[in-house]
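# Residue-level structural notes
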Amino acid sequence: MTQGGDDRGARRGVRSPWAIDLLGVLVAVLLTLLAVLHLLSTSRSWLLFFDGDSIILPLFERSLQAGQPFEWAMSTTVFLIEIPVYLVLAVLTANPFDALTVNAVLNLVALYALVRLIAGLSLPGRGRRFVVAVSLLTFAVPLAATLLESTTNADSLELFSLLATTTYYYPTVLAMLVAAWLLARLVERDAPAGRATRAASRRRVALLVTLGILTVVSVTSNPLYGVWTAAPAVVTLIALAGLGRIPWRAALTPAVILIAGCFGGMLVRKPLAPYLSMDPANYLHIGDILTPLRFYGAAIVDMFSRPAGVIELVLLSALASVTVVAGFAALRMPQLPVRRQLLFLLAAVTVLAVAVGSVLVGTNATRYLQPLAFAPLLVLPALVGQGLDAVRHRKSVRASFPNRGAAGARTAARVFSQPDVSTPAPPPSASTTRRAALGLVLVVLLLGGITGTGAAVAASASRAHLPGAACLEGWLAGRTLTGAGQFWAIRGLKTYGAPDVRLVQIDEYLNARPWMVNLADYDGTPLSYLIVDDRSAWGEELVDTMGAPRANISCGTYTILDYTGTRGERVLTTRVTESATLQRVQRGFESRPHG
């Protein structure tokens, strides 16, 4: 009986670490749902669900459902990862709004998973409970920052919530963390001899292959990976080898793979050129420093106009500063584990490269600064772990030596600042397992409550924005008319409108605008009306060219100009069809309109 009881206790001890990790995941999901719920209940929901850029994936899915030819004109991004992920979610959910919401949750949960992996590397030899606690505390930092973000402005310094969108480079952000984890694994020392060495070699080859595939796919989808990840990683590897922290072979092999992967990704992009609307080089304005300085200066001023913005700006500055300081401190501490040295230095190089490089190359979009928000996550787990150790040991010393608390605390700080001296936590007892199970039940109940509340808020937010589409649907009254409008005016209507809402995207000169649309939309069908809103800028010749519309129908945030049966309908159809045909010929698609 005793032996059997011991066996059961041993089995519980083996299983319970996984229960702890599962509990960590559930808590991370709970925190994520709270953050997404905040985004749904504020004006930031516009950025997730209605902004012109954010809804390319629902439009892509709608185009597939309609059976259109694949003649897509993307931006500089191919969305190799975003498209299949969204299409799967679209099958599993009822509407685009739900799919985008679930996508936001998955993005943030994936961030937690990567933080957990990085914490495991940064805190070797620690118990699973400790590592999970550190991971959750680290993960809470970007989520707390997300709770400070509530504007509709995609060009603000509200960087953390951009990860919840489907089109502002979430795979590139996550790939940056995955690459850091792979590199940290690669620089670990091989086993000394024999079978362990062969196993380590096979593991190294697998990591290098994974790094190469990750680089090729990421650069193919979004060349920003080369700037955010590959270049800082190469610099970091060479610096560590030059300082004698890692062998040159251990540095040059992954560096060569990163460089070759970037070239490979750019080569793969060559056949995809017809589907891209702009060369990445067009975003570079080297030498024009004043424009980005003015742009980012205005973004900082905007943050200072809101209390939450001030707090977030301070947090963002603190994270970047701590990261840079920790990175350069690691250079002077050869006794640190080499994994930690790589993570610290890589994070610092990334932050500096992005902050300085964005100004030097003349960019003027804050979304390119996202590594300032997420690269610090490579450093935080180790710092949080050391902080928890220091606090815990001070309490222990004060309890044991009440009259020598201050001296004991200083001694503890010195002891726990040394690398790899921590002791693994003892195996959890049966009571610990029961507490973990109870925690799981409570978290599941909380998840249910938060999910139900989130669904209600999502439905409310959806209804708040759909009346515009309902107005157009009511005016169409089942007619199969096709209209036109500019980027910001029509994309939400195309996404959330009924199937009979058919709209094509044009510019202010009544030409087809091939930006994040399917050129198959321009099929030569007569264009009978225009959608006009406050964000639409039109050339002065519009009235002279089109003539007066039959009627103006006000739909609150926009106006329908009805040209059905007028000269304006013929002019608009001819102008758009001819310009779209020219675009399709230049891209190698069919030389004449469909139909």
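In what follows, the structure referred to is the one given above.
A few points on the structure. (Residues numbered from 1 in each chain as written. Predicted model: local features only at pLDDT ≥ 70, side-chain atom pairs only at ≥ 80, totals over all residues. Heavy atoms only, no water.)

### Overview of the overall build of the chain
Across its full length, the chain carries 21 helices and seven strands. Looking at the chain residue by residue over its 595 residues, the buried ones come to 52%. For the chain, restricting intrachain contacts to residue pairs at least 6 apart in sequence, the fraction spanning at least 24 positions comes to 77%. For the chain, the exposed area adds up to about 26200 Å²; of that, 65% sits on carbon and sulfur atoms. (Helix = DSSP H or I, 4+ residues; strand = E, 2+ residues; numbered from the N terminus. Buried < 20%, exposed > 50% of the residue type's maximum accessible area, 1.4 Å probe, protein only. Contact = heavy atoms within 4.5 Å. Areas by Shrake-Rupley, 256 points an atom, 1.4 Å probe, with all protein chains shown as cover.)

### Topic: helix 9 (residues 224–242)
Under the 1.5 Å per step criterion, the end-to-end length of helix 9 is 27 Å for 19 residues, consistent within 8% with the ideal 27 Å. The sharpest bend along helix 9 measures roughly 30° and falls at Ala230, with the proline Pro232 sitting one to four residues further on. In the segment just after helix 9, Gly244 is the residue with positive phi, at about 80°. (Expected span 1.5 Å × (residues − 1). Bend = angle between axes of the 7 residues up to and from the residue.)

### Description of the state of the cysteines
Here the structure, examined in full by the defined rule, presents one disulfide. Paired through a disulfide, Cys471 and Cys555 show a sulfur-sulfur distance of 1.9 Å. The S-S bond linking Cys471 to Cys555 shows a torsion near -70°; that makes this disulfide left-handed. Of the two residues, Cys471 sits in helix 18 (residues 467–476) while Cys555 sits in the loop between strand 6 (551–554) and strand 7 (558–562), which places them 84 residues apart along the sequence. The class of Cys555 is buried, set by a relative accessible area of 8%. (Disulfide = S-S within 2.5 Å.)

### A look at the layout of surface pockets
As a volume, the second largest pocket reaches approximately 670 Å³. Taken together, 34 residues line the second largest pocket, and the ones lying closest to its centre are Leu59, Arg62, Ser63, Ala66 and Lys494. Taken together, the elements giving at least two residues each to the lining of the second largest pocket come down to helix 3 (56–65), helix 4 (82–92), helix 19 (487–496), strand 3 (502–505) and strand 4 (517–518). At six residues, the largest contribution of residues to the lining of the second largest pocket is made by helix 3. A breakdown of the residues in the lining of the second largest pocket according to their chemical character gives 17 nonpolar, 11 polar and six charged. (1 Å grid on protein atoms, 1.4 Å probe; cavity = no way out; pocket = protein on both sides within 12 Å on 5 of 7 lines; lining within 4 Å. Points joined across faces, edges and corners; volume = space filled by probe spheres on them. Nonpolar A, V, L, I, M, F, W, Y, C, P; charged D, E, K, R; others polar.)

### Focus on the nonpolar core
With 124 residues, the main nonpolar core has Tyr225, Leu237, Leu342 and Phe374 as its most contacted residues. When near neighbours in sequence (up to four residues on either side) are disregarded, Leu237 contacts Leu183, Val187, Ile246, Ala251, Pro254, Ala255, Leu258 and Leu342. Counting 19 residues, the second-largest nonpolar core is a separate cluster that includes Val517, Leu527, Leu530 and Leu542. (Core = buried A, V, L, I, M, F, W, Y, C linked by side-chain atoms within 4.5 Å.)

### Quick word on the sheet that holds strand 7
Sheet architecture is open: five strands sit in the order 3-2-5-7-6, paired in mixed fashion. Strand pairing shows two members of the sheet lacking a second neighbour, strand 3 and strand 6, which therefore form its edges. Ignoring strand direction, the axes of neighbouring strands in this sheet form an average angle of 30°. Two elements, strand 5 (residues 527–533) and strand 7, share five bridges in a ladder whose sense is antiparallel. In the sheet register, Asp533 faces strand 7, and the bridge partner there is Tyr558. Across the sheet, helix 19 lies against strand 2 (482–485), strand 3, strand 5 and strand 7, angled at about 150° from strand 3, the strand it touches most. Here helix 21 (residues 567–586) sits on the sheet and contacts strand 2, strand 3 and strand 5; the angle it forms with strand 5, its principal contact strand, is near 85°. (Pairing = 2+ DSSP bridges. Axes fitted to C-alpha atoms, helices over the stretch in contact; angles between N-to-C directions.)

### Considering a nonpolar patch on the surface
A cluster of nonpolar side chains, Leu80, Ile81, Val205, Val209, Ile213 and Val217, forms an exposed patch at the surface whose accessible area comes to about 470 Å². Within the secondary structure, Ile81 sits in the loop between strand 1 (72–73) and helix 4. Judged by relative accessible area, which is 34%, Ile81 ranks as partly exposed. (Patch = residues over 30% accessible without salt bridge, like charges linked within 9 Å, V, L, I, M, F, W, Y side chains within 5 Å. Salt bridge = Lys/Arg side-chain N within 4 Å of Asp/Glu carboxyl O.)

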